Every structure is written in structure tokens, then in C-alpha cells.
Amino acid sequence: MAETQVQQMGVGDPTGAIQQCILSLHNIGVVKFGRFTLKSGMQSPVYFDLRLIVSYPKLMETVSELMWAARPGTDYDLVCGVAYTGLPIATVISTKQNVPMLIRRKETKGYGTKKLVEGSYQGNQKCLMIEDVIVSGSSVYESVETLRDLKLDVKDAVVFLDREQGGTANLKAMDINIVSVVTMTEMMSILLKHGCIDQVTHDSVLEFVSSHRDTSIVTKEKTSCKNGIQVMDRKNCSFESRITTTNHPLTRKLFEIMANKKTNLCVAADVTTTEELVSLADKVGPHICLLKTHIDILTNFSQDTIDKLRDLAAKHNFLLFEDRKFGDIGSTVANQYSGGAYKIVEWADLVTVHGLPGDGVIKGLVSAINGRTRGCVLVSQMSSSGALTSEEYVENCSKMAENHTYFVVGFVSQSSKSGDPRFILFTPGVRLGKTGDGLGQQYVTPRSAILERGADIIIVGRGITQASDPVAAAKEYREEAFDAYQERIKHSTH
Ligand SMILES: O=c1ccn([C@@H]2O[C@H](COP(=O)(O)O)[C@@H](O)[C@H]2O)c(=O)[nH]1
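None of the values given here were measured: they were computed from a predicted structure. (Residues numbered from 1 in each chain as written. Predicted model: local features only at pLDDT ≥ 70, side-chain atom pairs only at ≥ 80, totals over all residues. Heavy atoms only, no water.)

Observations regarding the overall build of the chain
When helices and strands are counted, the chain shows 19 helices and 18 strands. The buried share among the 494 residues of the chain stands at 53%. Pairs at least 24 apart in sequence give 69% of the contacts found in the chain among residues at least 6 apart. (Helix = DSSP H or I, 4+ residues; strand = E, 2+ residues; numbered from the N terminus. Buried < 20%, exposed > 50% of the residue type's maximum accessible area, 1.4 Å probe, protein only. Contact = heavy atoms within 4.5 Å.)

A closer look at the environment of E476
Secondary-structure assignment places E476 in helix α19 (residues 470-489). On the basis of relative accessible area, E476 is assigned to the partly exposed category, the value being 44%. Distance in space between the C-alpha atoms of E476 and H287 is 9.7 Å, their sequence separation being 189 residues.

Concerning the packing of aromatic side chains
In the structure shown here, the tally under the stated rule is nine aromatic pairs. Ring centres 4.9 Å apart and planes at 70° place the aromatic pair F301 and Y342 in the edge-to-face group. Of this pair, F301 sits in the loop between β12 (290-293) and α13 (303-316) while Y342 sits in the loop between α14 (330-338) and β14 (350-354), and the two are 41 residues apart along the sequence. With centroids separated by 5.6 Å and ring planes inclined at 45°, the aromatic side chains of F321 and F426 adopt a geometry described as tilted. Separated by 105 residues along the polypeptide, F321 in strand β13 (residues 319-326) and F426 in strand β17 (residues 424-427) bring together distant segments of the chain. With a relative accessible area of 0%, F321 lands in the buried category. What links up through ring pairs into an aromatic cluster is the set F239, F255, F482 and Y485. In this structure, R71 packs its charged tip against the face of W68, placed 4.0 Å from the ring centre. (Phe/Tyr/Trp six-rings, centres within 6.5 Å; stacked < 30°, edge-to-face > 60°. Lys NZ or Arg CZ within 6 Å of the ring centre and 35° of its normal.)

Some points on the pairing of strand β3 (residues 78-82)
Buried residues dominate β3, accounting for five of its five residues. The two faces of β3 match: L78, C80 and V82 on one face and V79 and G81 on the other face are all buried. In terms of strand pairing, β3 meets strand β6 (residues 126-134) through four bridges, oriented parallel. Pairing of G81 across the sheet is with I130, part of β6. Pairing of β3 with strand β4 (residues 101-104) involves four bridges; the strand directions are parallel. Opposite C80, over in β4, you have L102 as the bridge partner. In this fold, β3 hands off to helix α4 (residues 86-97), which returns the chain to β4; that crossover is right-handed. (Pairing = 2+ DSSP bridges. Right-handed = clockwise from strand over helix to strand, strands pointing away.)

As for the site of the ligand
Around the ligand sit 16 residues in total, of which D270, K292, S383, Y443 and R462 are the nearest. Contact distances for the ligand include 2.6 Å between an oxygen atom and a side-chain N or O atom of D270. For the ligand, an oxygen atom lies 2.7 Å from a polar atom in the side chain of K292. Residue classes in the shell around the ligand are distributed as six nonpolar, five polar and five charged. (Near = heavy atom within 4 Å. Polar contact = N/O pair within 3.5 Å; in protein donor to acceptor, adjacent residues only side chain to side chain. Nonpolar A, V, L, I, M, F, W, Y, C, P; charged D, E, K, R; others polar.)

Brief notes about the UniProt feature "active site" (unreviewed entry) in the chain
Within the UniProt annotation, "active site" (unreviewed entry) is assigned to D323, K325 and D328. With respect to the element layout, D323 can be found in strand β13. Here D323 is in contact with K292, T293, H294 and T352, once residues within four sequence places are set aside. Assignment of secondary structure puts D328 in the loop between β13 and α14. Residues in contact with D328, not counting those within four places in the same chain, are V333, Q336, P357 and V361. (UniProt positions renumbered as here; feature names shortened; annotations may be inferred.)

A short note on the nonpolar core
Nonpolar side chains in soluble globular proteins tend to be buried together. Among the nonpolar cores identified, the biggest contains 85 residues, and L254, L290, L291, Y337 and F426 are the most heavily contacted of them. Leaving out residues up to four positions away in the same chain, L254 has contacts with C289, L290, L319, L350, I424, F426 and I457. (Core = buried A, V, L, I, M, F, W, Y, C linked by side-chain atoms within 4.5 Å.)

Description of the sheet that holds β14
Around the barrel, eight strands lie side by side as β11-β12-β13-β14-β15-β16-β17-β18; this closed barrel has parallel pairing. Adjacent strand axes in the sheet meet at a mean angle of 30° when their direction is disregarded. (Axes fitted to C-alpha atoms, helices over the stretch in contact; angles between N-to-C directions.)

Describing the state of the cysteines
Going through the model one piece at a time under the given rule, you end up with zero disulfides. Cysteine C80 remains unbridged, with the sulfur of C127 as its closest cysteine sulfur at 5.1 Å. (Disulfide = S-S within 2.5 Å.)

Topic: helix α3 (residues 57-70)
Between the first and last C-alpha of α3 there are 20 Å, a value that for 14 residues agrees with the 20 Å anticipated at 1.5 Å per step. Every buried residue of α3 is listed here: L59, M60, V63, S64, L66, M67 and W68. For α3, the secondary structure elements touched by its buried residues are α2 (17-27), β3, α4, β6, β7 (153-162) and β8 (177-183). (Expected span 1.5 Å × (residues − 1).)

Observations concerning the packing of α14 against helix α15 (residues 360-367)
Viewed as axis vectors pointing N to C, α14 and α15 meet at an angle of 40°, and their least axial separation amounts to 7 Å. Relative to α15, α14 is oriented oblique. In this structure, α14 meets α15 at a crossing whose hand is right-handed. Touching G330, V333, A334 and Y337 of α14 are G360, V361, G364, L365 and S367, all from α15. Within the contact of α14 with α15, the residues separate by chemical class into five nonpolar, four polar and no charged. (Parallel < 35°, antiparallel > 145°, perpendicular 65-115°, else oblique. Left-handed = near helix turned anticlockwise from the far one by under 90°.)

Let's talk about the pairing of strand β16 (residues 408-412)
In terms of burial, β16 is largely enclosed, as five of its five residues are buried. Where strand β15 (residues 375-379) meets β16, four bridges bridge the pair, whose relative direction is parallel. Note on β16: the bridge partner recorded for V377 is G410. A crossover links β15 with its parallel partner β16, the connecting element being helix α16 (residues 391-403), and its sense is right-handed. Sheet analysis places β16 next to β17, joined by three bridges and oriented parallel. Residue G410 lies in a different strand from β17, and its bridge partner there is I424.

Structure follows, in C-alpha cells:
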């Protein structure tokens, strides 16, 4: 198999220049194996760090020549490198091929000309985009979008490595034709053939690639504000349409579950024995998208508790959500998440986190996930009376989430000003026929949570667990919540 791929590769690499280049890149440590978090938050067993070539001018020249040779068209008026690694490559191509270059900044400068694109250009000039690696294609897309806004003609892009994770198709859908010098499969075959990696490493990377092809581009159009108005407002959009606004695998999965099962109900399973928890999860499972636990209130927790919960989550298609409310420094929460009696990271898809300690709390949790697909929900506002979660605190939690979209799925909150469709609003303190519990909890109805406060998911505990018929109660909350959501999005165009 590997031999065949290398032979096929030989057809497009008659002089063996690509193979030679890959081997040289491997020699200087560009191809790394281990556990890496990609821009989208995806955990990858392989990382291609082409930034290293700035220290190897000859190799930089070879990479640039191979990329220029692979370009999809001819007669470009301009080349533009995607920041950062695309920039030095574009510079070499520009000087060697005598094609003027543009620089597209990552952020606008706060001083001077405040331009996002540096260099001289005129409308309708044909520009080739240059990037090192493509995963979903979002970096190329963002740069193309900026240049197209300036009326430049940008349809072509060239990358060195295509990780084969959906980027080519995503860009094609945006009318961008992208070609690569080498694909991940081809590169792994070359490294295997030359004894740089063993069969196990080769197979694990290919296995990863084949199971992670489904990326999407989160367009700025979908998540940005124009004149202070959210272009795609969370509260008006269907769960289906919000799937493509995020690359977080669990946010996407949760939207899919909600849309397919037609439920935005999360049951807070605040019971005190494993038997009660498992029995409740099995009974309400068909009606929920999430099961929220306080695992430390169980009197008889064991591995059996987790095995049974995970089986039920698979059987009924819901996610597990441990309401741990982590709130310490990064190093401590990493231990609390992965160790102790509960080993939460091993079984809970989502956990709650306080923003109070600053974003080290998020980094600490991420450091413990070790390749698993996990996410967190920031507690930005509490339902209890006298909660100290001020508006400023809520605002700061929003900023924190925006900086960590690879891990943060949304907020536990009573309301949200943010219309950002990527984040899910989870609202507890929901109960029919009661306004409080005498211990500070404050309740609103499912309709009020969804229509007045903008909740996406309602969290209901005692309204279901203490009902005479918990299944009937779960059905009632589910229907009321999903009807309210449908009413909310009725007039939406998304
Ligand atoms: O602000 C918050 C955050 C979390 N909770 C949790 O939700 C449930 C609510 O239970 P009810 O029985 O429906 O009151 C519970 O697990 C809390 O720990 C919250 O209530 N408020």
C-alpha cells in the first residue's frame, strides 16, 4: 500500500525532488509526532512545523520552488503569503519569480496607517495565495476574503502540505482552487519507505486523517457584528444552521443531537446513589440532549457508575456534563480534572468552569485532556439570589470564551447579550409551578428562559427528579422548551 502510494507520487515527482525535500524537512524536525492541539482545538498525533525552514535558506528555496511549480494557474500579478509561515515563502517566490508581493496582517495595526494589507495593488489584479499547511482552509479563506474585499481577483492558492481534513473541499465551495505539493498520505508513505517512521506511526496518522476529514470553515460573516448588529444572531438561528459556525467537535455534536432528537433539555441528575442515577438516566435518556451530574454527591461512586453512564449516553445519544465548577489555578484544576477519585476527564464530555481565576483555569484543563475530545462551559452568571456575577464579570467571561473557542462550548448563565452563534447558552433555575427553593435558588419557566432570557438549553433538576413521574415531567419540560425554541426561530432566515 505504502509502496503503491510512493510509486503514484513518483508520477508527479519525476525527479524525486519532493521526496528529497520531505526527507530533508524530516531531518530538521519539521514533522513531529506526539499530541498536538490544532487551531480548531482538534487533537492531532502529527504536526508539520514548516516555520523551522527560516533557519535553512537552501531548504526554504526548495520549498518555494516546489510550491511555485505546483501553482494552479499562470500569469499572476501578485502573490500573498498567509501569516505567518506563508510570508517568508511568499517573499522567496516574489523575489525569485519577480512577482510583486502583498502582506496580509493577522490584525490591523493600532497605529500608523492601520492597514490590513501592505503593499501596492490595483483592483482586478490576479493574486496567488501562499500558505504552508491546510487543515480546514479557514486561514486561507480569511486572507482571500480580505483581498476580495479590496477587489483583487483571488481564486487560486498553493500550499505545501494538505492534511486531507476537508480544507480543499471547503475552499472549493468558496470558489478557491487550492493545490498542494504533497498530501499527508503521500508524506507518510515517503517517511515509511525511507525508514524515518515505523508502520505503527504511519498507520495511526492515516487512521487519524481518515476519521477527521469533516472540518468546516467558520466564516467571519457568520460570527461577526456589522454596525453593532450580529450578522447571524444566535437567538434567531436554528441549531442546524449553527453547526457550521464552530469547529468545536462537541458543540457541533450537541447541535446535531438537539436538532435530530428535537430536544434542548438537560436533566440535572442530582441524586445520591449510583442506582438512582443510572435508573434516571435510562428513563429520561430518550428526552434529553445532556445529562448533568454532581458526581461528588454520590454515596457509592465506582468505575461501574461511569461504565453504566457511558453505555446509556451511547444508547440514548446524549452527552455527559459534570457540573464540577472548577475554580482554581491551572495546575490544581489539571489534577482535579484528571485525578482523584472521579477522574472526570476520562468520562465527562463537558465540565463547568468558573472564569474567576483567569484563563489559566482553561489552560490547566486543556493540559489534562491528553488527546480526548472535551469541552467546558463557563459559569458566567448564577441563578441564585445575591450572586456576585456582575455584568462586567459576564462580559469578561465572554471575552475569555472568545480567546478559547477550541475548548469553550458556551456559558451557564441567566441571560446573554452575546448573539455569537458559536456559543451555547445553558440556563439552570428552571421549574414549573415554583419560584424558589428557600435556599436561594430562583426559578423561571422554560418559556421564560428561552424566549425572554435567550437560553438554548434549559437545565432542570428537581422539577424532574422530585416529580411523582419523572419521565412524564421530562417529556413536559422537553416539549415546552423545544416549542419555545421553535417559536423563537420562526422568522429566521438561517
Ligand atoms: O447558576 C447555577 C449553576 C448551576 N446550577 C445547577 O443546576 C441544577 C439546578 O437544579 P434545580 O433542582 O433545578 O434547582 C443544580 O444541579 C445546580 O447545581 C444552578 O442551579 N444554578
